[in-house]
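Survey of secondary and tertiary structure
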Amino acid sequence: METAVQEKIPVGISECLLGEPVRFDGGHKRNRFLTDVMSQYFEYRPVCPEVLIGLGIPRKPIRLVATDNGTRVRGVENEALDVTEALAAEADKALARMPDICGYIFMQNSPSCGAFRMKRYRENGYPQDNDGVGAYAERLMALHPLLPVEEAGRLTDAGLRDNFITRVFAYQDWKQSVAFEPTPARLVDFYSRYKYQVMAHHVPGYQALGRLVAKAGATNIDTLCQTFLETFMEALSHHATRKGNTNTMMHLRGYLSDLLSGSENEELSEVIESYRQGEVPLVVPLTLLKHYLRKVDNPYLQRQTFWAPHPEKLGLRNANVS
Ligand code: SF4
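For clarity, every value in this text was computed on a predicted model and none was experimentally measured.

**Topic: the overall build of the chain**
- The number of helices and strands found in the chain is 12 helices and 8 strands.
- C-alpha extents for the chain along the principal axes are approximately 75 × 45 × 35 Å.
- For the chain, with 322 residues in total, the buried portion stands at 37%.

Below, the structure written as C-alpha coordinates:
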(Lines give C-alpha, C1' and ligand atoms only; values in the text may rest on other atoms or scores of the structure.)
Protein backbone atom coordinates (compact mmCIF):
# COMPACT_ATOMS: atom_id res chain seq x y z
CA MET A 1 0.00 0.00 0.00
CA GLU A 2 2.95 2.32 -0.59
CA THR A 3 2.03 5.15 -2.96
CA ALA A 4 1.91 3.96 -6.55
CA VAL A 5 3.90 6.84 -8.01
CA GLN A 6 7.60 6.03 -7.71
CA GLU A 7 9.44 8.32 -10.13
CA LYS A 8 10.49 11.79 -9.05
CA ILE A 9 7.83 14.44 -9.50
CA PRO A 10 8.73 17.68 -11.31
CA VAL A 11 8.14 20.63 -8.98
CA GLY A 12 8.92 24.31 -9.55
CA ILE A 13 10.77 26.07 -6.75
CA SER A 14 12.21 29.45 -5.81
CA GLU A 15 15.89 28.95 -6.56
CA CYS A 16 17.21 30.45 -3.30
CA LEU A 17 15.49 27.62 -1.37
CA LEU A 18 17.94 25.15 -2.88
CA GLY A 19 20.91 27.05 -1.43
CA GLU A 20 21.77 28.98 -4.58
CA PRO A 21 23.18 32.44 -3.72
CA VAL A 22 20.68 34.38 -5.84
CA ARG A 23 19.11 36.68 -3.24
CA PHE A 24 19.37 40.45 -3.45
CA ASP A 25 22.16 40.39 -0.82
CA GLY A 26 24.05 37.53 -2.46
CA GLY A 27 22.77 35.04 0.10
CA HIS A 28 20.40 32.08 -0.09
CA LYS A 29 17.54 30.58 1.90
CA ARG A 30 18.39 26.91 1.79
CA ASN A 31 15.56 24.80 3.20
CA ARG A 32 16.91 21.50 4.53
CA PHE A 33 13.56 19.71 4.48
CA LEU A 34 13.28 20.47 0.79
CA THR A 35 16.90 19.81 -0.18
CA ASP A 36 17.56 16.80 2.06
CA VAL A 37 14.18 15.08 2.35
CA MET A 38 11.77 16.07 -0.40
CA SER A 39 14.50 15.95 -3.06
CA GLN A 40 14.19 12.14 -2.85
CA TYR A 41 10.72 12.50 -4.34
CA PHE A 42 10.72 15.85 -6.15
CA GLU A 43 12.78 16.80 -9.18
CA TYR A 44 13.17 20.51 -8.66
CA ARG A 45 12.88 23.07 -11.46
CA PRO A 46 14.51 26.16 -9.90
CA VAL A 47 13.61 29.67 -11.00
CA CYS A 48 14.82 33.03 -9.69
CA PRO A 49 12.65 35.57 -11.52
CA GLU A 50 14.58 38.59 -10.24
CA VAL A 51 17.82 37.26 -11.69
CA LEU A 52 16.07 36.29 -14.92
CA ILE A 53 14.81 39.82 -15.49
CA GLY A 54 18.37 41.07 -15.15
CA LEU A 55 18.40 42.70 -11.71
CA GLY A 56 21.75 41.06 -10.96
CA ILE A 57 23.37 39.71 -7.77
CA PRO A 58 23.66 41.57 -5.47
CA ARG A 59 20.88 44.01 -6.31
CA LYS A 60 18.97 46.83 -4.68
CA PRO A 61 15.86 45.62 -2.79
CA ILE A 62 12.36 45.91 -4.24
CA ARG A 63 8.96 45.86 -2.53
CA LEU A 64 5.22 45.83 -3.15
CA VAL A 65 3.58 49.26 -3.35
CA ALA A 66 -0.20 49.72 -3.32
CA THR A 67 -1.06 52.40 -5.90
CA ASP A 68 -4.11 53.65 -7.79
CA ASN A 69 -2.88 51.41 -10.60
CA GLY A 70 -2.94 48.33 -8.43
CA THR A 71 0.00 46.69 -6.67
CA ARG A 72 3.37 47.52 -8.22
CA VAL A 73 6.82 46.08 -7.58
CA ARG A 74 9.17 49.02 -7.21
CA GLY A 75 12.69 49.73 -6.01
CA VAL A 76 12.95 50.69 -2.33
CA GLU A 77 15.61 53.31 -3.03
CA ASN A 78 14.84 53.96 -6.70
CA GLU A 79 11.07 54.38 -7.02
CA ALA A 80 11.38 54.86 -10.75
CA LEU A 81 12.33 51.19 -11.02
CA ASP A 82 9.12 49.24 -11.68
CA VAL A 83 9.49 45.55 -12.50
CA THR A 84 5.87 44.43 -12.10
CA GLU A 85 5.25 43.39 -15.71
CA ALA A 86 8.74 41.96 -16.16
CA LEU A 87 8.30 39.64 -13.17
CA ALA A 88 4.82 38.57 -14.31
CA ALA A 89 6.18 37.79 -17.77
CA GLU A 90 8.71 35.42 -16.21
CA ALA A 91 5.81 33.32 -14.92
CA ASP A 92 4.53 32.88 -18.48
CA LYS A 93 8.01 31.84 -19.61
CA ALA A 94 8.53 29.49 -16.66
CA LEU A 95 5.31 27.58 -17.32
CA ALA A 96 6.15 27.37 -21.02
CA ARG A 97 9.58 25.91 -20.10
CA MET A 98 8.20 23.41 -17.60
CA PRO A 99 4.62 22.44 -18.48
CA ASP A 100 5.04 19.14 -16.64
CA ILE A 101 5.39 20.52 -13.10
CA CYS A 102 2.97 19.10 -10.55
CA GLY A 103 3.52 21.68 -7.81
CA TYR A 104 5.38 24.85 -6.91
CA ILE A 105 7.18 25.85 -3.72
CA PHE A 106 7.62 29.59 -3.30
CA MET A 107 9.93 31.54 -1.00
CA GLN A 108 7.86 33.55 1.47
CA ASN A 109 8.24 37.30 2.07
CA SER A 110 9.46 38.03 -1.43
CA PRO A 111 7.85 40.75 -3.60
CA SER A 112 8.41 38.35 -6.52
CA CYS A 113 7.86 34.86 -5.10
CA GLY A 114 5.72 35.42 -1.98
CA ALA A 115 2.39 33.66 -2.49
CA PHE A 116 0.40 34.73 0.56
CA ARG A 117 -0.03 37.73 2.84
CA MET A 118 2.79 39.85 1.51
CA LYS A 119 3.46 43.21 3.08
CA ARG A 120 2.47 46.17 0.88
CA TYR A 121 3.60 49.75 1.32
CA ARG A 122 1.96 53.05 0.48
CA GLU A 123 3.56 55.36 -2.03
CA ASN A 124 4.78 57.50 0.88
CA GLY A 125 6.72 54.50 2.21
CA TYR A 126 4.51 53.70 5.16
CA PRO A 127 3.18 50.13 5.57
CA GLN A 128 -0.27 49.59 4.04
CA ASP A 129 -1.37 46.00 4.77
CA ASN A 130 -0.45 42.34 4.37
CA ASP A 131 -2.74 41.67 1.43
CA GLY A 132 -0.11 41.49 -1.30
CA VAL A 133 1.13 38.63 -3.49
CA GLY A 134 4.50 38.54 -5.22
CA ALA A 135 4.18 39.57 -8.88
CA TYR A 136 5.75 36.38 -10.27
CA ALA A 137 3.81 34.08 -7.93
CA GLU A 138 0.52 35.88 -8.57
CA ARG A 139 0.80 35.52 -12.33
CA LEU A 140 1.90 31.88 -12.12
CA MET A 141 -1.03 30.97 -9.87
CA ALA A 142 -3.43 32.81 -12.19
CA LEU A 143 -2.08 30.98 -15.23
CA HIS A 144 -2.27 27.57 -13.53
CA PRO A 145 -4.97 27.73 -10.85
CA LEU A 146 -5.07 23.95 -10.33
CA LEU A 147 -1.36 23.65 -9.60
CA PRO A 148 -0.68 22.80 -5.94
CA VAL A 149 1.39 25.66 -4.49
CA GLU A 150 2.81 26.41 -1.07
CA GLU A 151 5.35 28.64 0.60
CA ALA A 152 8.43 26.98 2.08
CA GLY A 153 7.92 28.73 5.41
CA ARG A 154 4.42 27.28 5.76
CA LEU A 155 5.67 23.74 5.20
CA THR A 156 6.88 23.67 8.81
CA ASP A 157 3.20 23.31 9.73
CA ALA A 158 2.47 19.57 9.75
CA GLY A 159 -1.07 19.98 8.41
CA LEU A 160 -0.08 22.28 5.55
CA ARG A 161 2.87 20.04 4.69
CA ASP A 162 0.71 16.93 4.56
CA ASN A 163 -1.93 18.68 2.47
CA PHE A 164 0.50 20.15 -0.06
CA ILE A 165 2.43 16.91 -0.57
CA THR A 166 -0.82 14.96 -0.87
CA ARG A 167 -1.99 17.29 -3.64
CA VAL A 168 1.31 17.12 -5.53
CA PHE A 169 1.28 13.30 -5.54
CA ALA A 170 -2.39 13.22 -6.54
CA TYR A 171 -1.86 15.68 -9.38
CA GLN A 172 1.08 13.66 -10.70
CA ASP A 173 -1.04 10.52 -10.49
CA TRP A 174 -3.84 12.25 -12.43
CA LYS A 175 -1.45 13.25 -15.20
CA GLN A 176 -0.03 9.74 -15.47
CA SER A 177 -3.30 7.84 -15.10
CA VAL A 178 -5.89 9.93 -16.93
CA ALA A 179 -4.76 13.23 -18.44
CA PHE A 180 -2.42 11.75 -21.07
CA GLU A 181 -5.42 10.12 -22.81
CA PRO A 182 -8.73 10.56 -21.00
CA THR A 183 -11.28 7.76 -21.29
CA PRO A 184 -14.37 6.97 -19.20
CA ALA A 185 -12.69 3.79 -17.93
CA ARG A 186 -9.57 5.67 -16.78
CA LEU A 187 -11.64 8.30 -15.01
CA VAL A 188 -13.74 5.68 -13.21
CA ASP A 189 -10.64 3.72 -12.22
CA PHE A 190 -8.88 6.86 -10.94
CA TYR A 191 -11.78 7.89 -8.76
CA SER A 192 -12.31 4.36 -7.46
CA ARG A 193 -8.81 4.65 -5.94
CA TYR A 194 -9.28 8.15 -4.49
CA LYS A 195 -12.82 7.83 -3.16
CA TYR A 196 -11.97 7.43 0.50
CA GLN A 197 -9.15 9.92 0.43
CA VAL A 198 -11.48 12.58 -0.95
CA MET A 199 -14.07 11.62 1.66
CA ALA A 200 -11.49 12.34 4.38
CA HIS A 201 -10.78 15.80 2.91
CA HIS A 202 -14.23 17.06 1.95
CA VAL A 203 -17.54 15.18 1.97
CA PRO A 204 -19.38 17.63 -0.38
CA GLY A 205 -16.50 17.24 -2.88
CA TYR A 206 -16.71 13.46 -2.51
CA GLN A 207 -20.43 13.59 -3.32
CA ALA A 208 -19.94 15.97 -6.26
CA LEU A 209 -17.21 13.77 -7.75
CA GLY A 210 -19.42 10.70 -7.43
CA ARG A 211 -22.11 12.48 -9.46
CA LEU A 212 -19.57 13.51 -12.11
CA VAL A 213 -18.10 10.03 -12.47
CA ALA A 214 -21.61 8.62 -12.92
CA LYS A 215 -21.76 10.58 -16.19
CA ALA A 216 -18.64 8.90 -17.62
CA GLY A 217 -19.49 7.41 -21.00
CA ALA A 218 -22.58 9.58 -21.41
CA THR A 219 -20.98 12.97 -21.97
CA ASN A 220 -17.90 14.55 -23.57
CA ILE A 221 -14.96 12.98 -21.76
CA ASP A 222 -12.58 15.95 -22.09
CA THR A 223 -15.11 18.38 -20.61
CA LEU A 224 -16.00 15.88 -17.89
CA CYS A 225 -12.34 15.33 -16.97
CA GLN A 226 -11.68 19.06 -16.73
CA THR A 227 -14.66 19.54 -14.38
CA PHE A 228 -13.63 16.46 -12.43
CA LEU A 229 -10.06 17.71 -12.00
CA GLU A 230 -11.21 21.15 -10.82
CA THR A 231 -13.58 19.57 -8.28
CA PHE A 232 -10.99 16.99 -7.24
CA MET A 233 -8.18 19.47 -6.59
CA GLU A 234 -10.54 21.79 -4.75
CA ALA A 235 -11.72 18.94 -2.54
CA LEU A 236 -8.16 17.92 -1.71
CA SER A 237 -7.25 21.51 -0.83
CA HIS A 238 -9.44 21.08 2.25
CA HIS A 239 -7.45 19.54 5.06
CA ALA A 240 -8.18 15.96 6.03
CA THR A 241 -9.23 16.73 9.60
CA ARG A 242 -9.42 14.39 12.55
CA LYS A 243 -13.19 14.28 12.02
CA GLY A 244 -12.85 13.56 8.29
CA ASN A 245 -10.24 10.84 8.83
CA THR A 246 -12.33 9.25 11.58
CA ASN A 247 -15.43 9.23 9.38
CA THR A 248 -13.44 7.62 6.56
CA MET A 249 -11.90 4.98 8.80
CA MET A 250 -15.33 4.09 10.16
CA HIS A 251 -16.52 3.51 6.59
CA LEU A 252 -13.48 1.36 5.84
CA ARG A 253 -13.93 -0.54 9.09
CA GLY A 254 -17.41 -1.50 7.86
CA TYR A 255 -15.84 -3.68 5.16
CA LEU A 256 -13.86 -5.57 7.75
CA SER A 257 -16.20 -5.98 10.70
CA ASP A 258 -17.78 -9.28 9.55
CA LEU A 259 -14.36 -10.81 9.03
CA LEU A 260 -12.90 -9.86 12.41
CA SER A 261 -13.45 -11.45 15.80
CA GLY A 262 -15.34 -9.61 18.53
CA SER A 263 -12.15 -8.61 20.33
CA GLU A 264 -10.51 -7.46 17.10
CA ASN A 265 -13.52 -5.28 16.28
CA GLU A 266 -13.45 -3.90 19.78
CA GLU A 267 -9.75 -3.09 19.59
CA LEU A 268 -10.20 -1.36 16.23
CA SER A 269 -13.07 0.76 17.54
CA GLU A 270 -11.04 1.77 20.59
CA VAL A 271 -8.02 2.81 18.55
CA ILE A 272 -10.12 4.85 16.08
CA GLU A 273 -11.83 6.50 19.04
CA SER A 274 -8.43 7.33 20.61
CA TYR A 275 -7.48 9.02 17.36
CA ARG A 276 -10.78 10.92 17.26
CA GLN A 277 -10.14 12.14 20.82
CA GLY A 278 -6.67 13.41 19.83
CA GLU A 279 -4.79 10.90 21.96
CA VAL A 280 -2.83 9.23 19.15
CA PRO A 281 -1.75 10.29 15.64
CA LEU A 282 -3.38 9.00 12.45
CA VAL A 283 -0.65 6.43 11.86
CA VAL A 284 -1.88 4.40 14.87
CA PRO A 285 -5.41 3.45 13.70
CA LEU A 286 -4.18 3.27 10.11
CA THR A 287 -1.55 0.70 11.01
CA LEU A 288 -4.14 -1.49 12.70
CA LEU A 289 -6.62 -1.12 9.84
CA LYS A 290 -3.93 -2.03 7.32
CA HIS A 291 -2.95 -5.05 9.42
CA TYR A 292 -6.51 -6.36 9.20
CA LEU A 293 -6.83 -5.35 5.58
CA ARG A 294 -4.11 -7.86 4.71
CA LYS A 295 -6.46 -10.62 5.85
CA VAL A 296 -9.07 -9.57 3.30
CA ASP A 297 -8.95 -10.32 -0.42
CA ASN A 298 -10.46 -7.03 -1.55
CA PRO A 299 -8.48 -5.27 -4.34
CA TYR A 300 -10.88 -2.31 -4.31
CA LEU A 301 -10.06 -1.59 -0.69
CA GLN A 302 -6.38 -2.35 -1.03
CA ARG A 303 -5.99 0.12 -3.92
CA GLN A 304 -7.36 3.06 -1.93
CA THR A 305 -4.87 5.94 -1.90
CA PHE A 306 -6.16 6.84 1.56
CA TRP A 307 -3.78 4.23 2.99
CA ALA A 308 -0.73 6.08 1.65
CA PRO A 309 -1.33 9.30 -0.30
CA HIS A 310 2.41 9.98 -0.10
CA PRO A 311 5.47 7.88 0.77
CA GLU A 312 5.13 6.39 4.23
CA LYS A 313 8.84 7.01 4.84
CA LEU A 314 8.05 10.73 5.10
CA GLY A 315 6.13 10.00 8.30
CA LEU A 316 3.63 12.77 7.58
CA ARG A 317 0.91 10.93 9.45
CA ASN A 318 2.97 10.52 12.59
CA ALA A 319 2.27 14.09 13.74
CA ASN A 320 -0.59 14.52 16.18
CA VAL A 321 -2.35 17.28 14.25
CA SER A 322 -6.03 18.13 14.32
S1 SF4 B 1 12.64 34.71 -3.42
FE2 SF4 B 1 12.46 34.40 -5.63
S3 SF4 B 1 13.25 36.27 -6.55
FE4 SF4 B 1 13.96 36.23 -4.41
S5 SF4 B 1 15.97 35.26 -4.50
FE6 SF4 B 1 14.49 33.64 -4.09
S7 SF4 B 1 14.00 32.85 -6.11
FE8 SF4 B 1 14.96 34.83 -6.44
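Read on, since the account is not over.
**Observations regarding the site of the ligand**
- The immediate surroundings of the ligand are formed by Ser14, Glu15, Cys16, Val22, Arg23, Cys48, Pro49, Glu50, Met107, Ser110, Ser112 and Cys113.
- In terms of residue class, the shell around the ligand is built from 6 nonpolar, 3 polar and 3 charged.

**Focus: helix H11 (residues 283-293)**
- Restricting attention to buried positions, one finds in H11 the residues Pro285, Leu286 and Leu289. Axial view of H11: buried residues confined to an arc of 100 degrees, hence all on one face. Summarising the geometry of H11, the exposed residues directed more than 90 degrees from the buried face are Thr287 and His291.
- Check the buried side of H11 and you find it contacts helix H9 (242-256) and helix H10 (262-276).

**Here's the deal with the sheet that holds strand E8 (residues 149-151)**
- Spatially, E2-E1-E5-E8 is the arrangement adopted by the 4 strands of the open sheet, whose pairing is parallel. Looking along the sheet, the strands with just one partner apiece sit at the ends: strand E2 (42-47) and E8. For this sheet, the mean inter-axis angle between neighbouring strands, taken without regard to orientation, is 25 degrees.

**Some points on helix H6 (residues 184-201)**
- The terminal C-alpha atoms of H6, which comprises 18 residues, lie 24 Å apart, in line with the 26 Å expected from a rise of 1.5 Å per residue.
- Tyr194 marks where H6 bends most, by close to 50 degrees.
- Taken together, the buried residues of H6 touch helix H5 (158-179), helix H7 (203-213), helix H8 (221-237) and H9.

**What about the pairing of E2?**
- Bridge analysis of strand E1 (residues 9-14) against E2 gives 6 bridges, and the strand direction is parallel. Across the sheet, Ile9 pairs through a bridge with Phe42, a residue of E2.
- Handedness of the crossover joining E1 and E2 through helix H1 (residues 32-37): right-handed.

**A look at the sheet that holds strand E4 (residues 70-75)**
- The 4 strands lie next to each other as E4-E3-E6-E7, forming an open sheet whose pairing is mixed. Two strands lie at the open edges of the sheet, namely E4 and strand E7 (127-132), each paired on one side alone. Going across the sheet, the axis of each strand differs from the next one's by a mean of 45 degrees, ignoring polarity.
- Relative to strand E6 (residues 118-121), strand E3 (residues 62-67) runs parallel, the two being bridged by 2 bridges. Paired with Leu64 across the bridge in E6 is Arg120.

**Concerning the packing of H5 against H8**
- For the pair H5 and H8, the least separation of the axes is 10 Å and the interaxial angle reads 160 degrees. When the interaxial angle is binned, H5 and H8 end up roughly antiparallel. The two elements H5 and H8 cross, and the hand of that crossing is right-handed. Packed against H5, whose contacting residues are Thr166, Arg167, Ala170, Tyr171, Trp174 and Val178, the element H8 presents Cys225, Leu229, Met233, Leu236 and Ser237 at the interface.
- Across the contact of H5 with H8, the residue classes tally to 8 nonpolar, 2 polar and 1 charged.

**A look at the environment of Tyr194**
- If you trace the backbone, Tyr194 turns up in helix H6.
- When the C-alpha atoms of Tyr194 and Tyr206 are compared, they prove to be 9.3 Å apart, with 12 residues separating the residues in sequence.

**With respect to the packing of H10 against H11**
- In contact at an axis separation of 8 Å, H10 and H11 are set at 155 degrees when each is read in the N-to-C sense. On the basis of the axis angle, H10 is roughly antiparallel to H11. Relative to H11, the crossing made by H10 is left-handed. Where H10 abuts H11, its residues Glu264, Leu268, Val271, Ile272 and Tyr275 lie against Val284, Pro285, Leu288, Leu289 and Tyr292.
- By residue class, the composition of the contact of H10 with H11 is 9 nonpolar, no polar and 1 charged.

Parameters and conventions
Residues numbered from 1 in each chain as written. Predicted model: local features only at pLDDT ≥ 70, side-chain atom pairs only at ≥ 80, totals over all residues. Helix = DSSP H or I, 4+ residues; strand = E, 2+ residues; numbered from the N terminus. Buried ≥ 20, exposed ≤ 12 C-beta atoms within 10 Å, placed from the backbone. Near = placed C-beta within 6 Å. Nonpolar A, V, L, I, M, F, W, Y, C, P; charged D, E, K, R; others polar. Arc of directions from axis to C-beta. Contact = placed C-beta atoms within 7 Å. Pairing = 2+ DSSP bridges. Axes fitted to C-alpha atoms, helices over the stretch in contact; angles between N-to-C directions. Expected span 1.5 Å × (residues − 1). Bend = angle between axes of the 7 residues up to and from the residue. Right-handed = clockwise from strand over helix to strand, strands pointing away. Parallel < 35°, antiparallel > 145°, perpendicular 65-115°, else oblique. Left-handed = near helix turned anticlockwise from the far one by under 90°.

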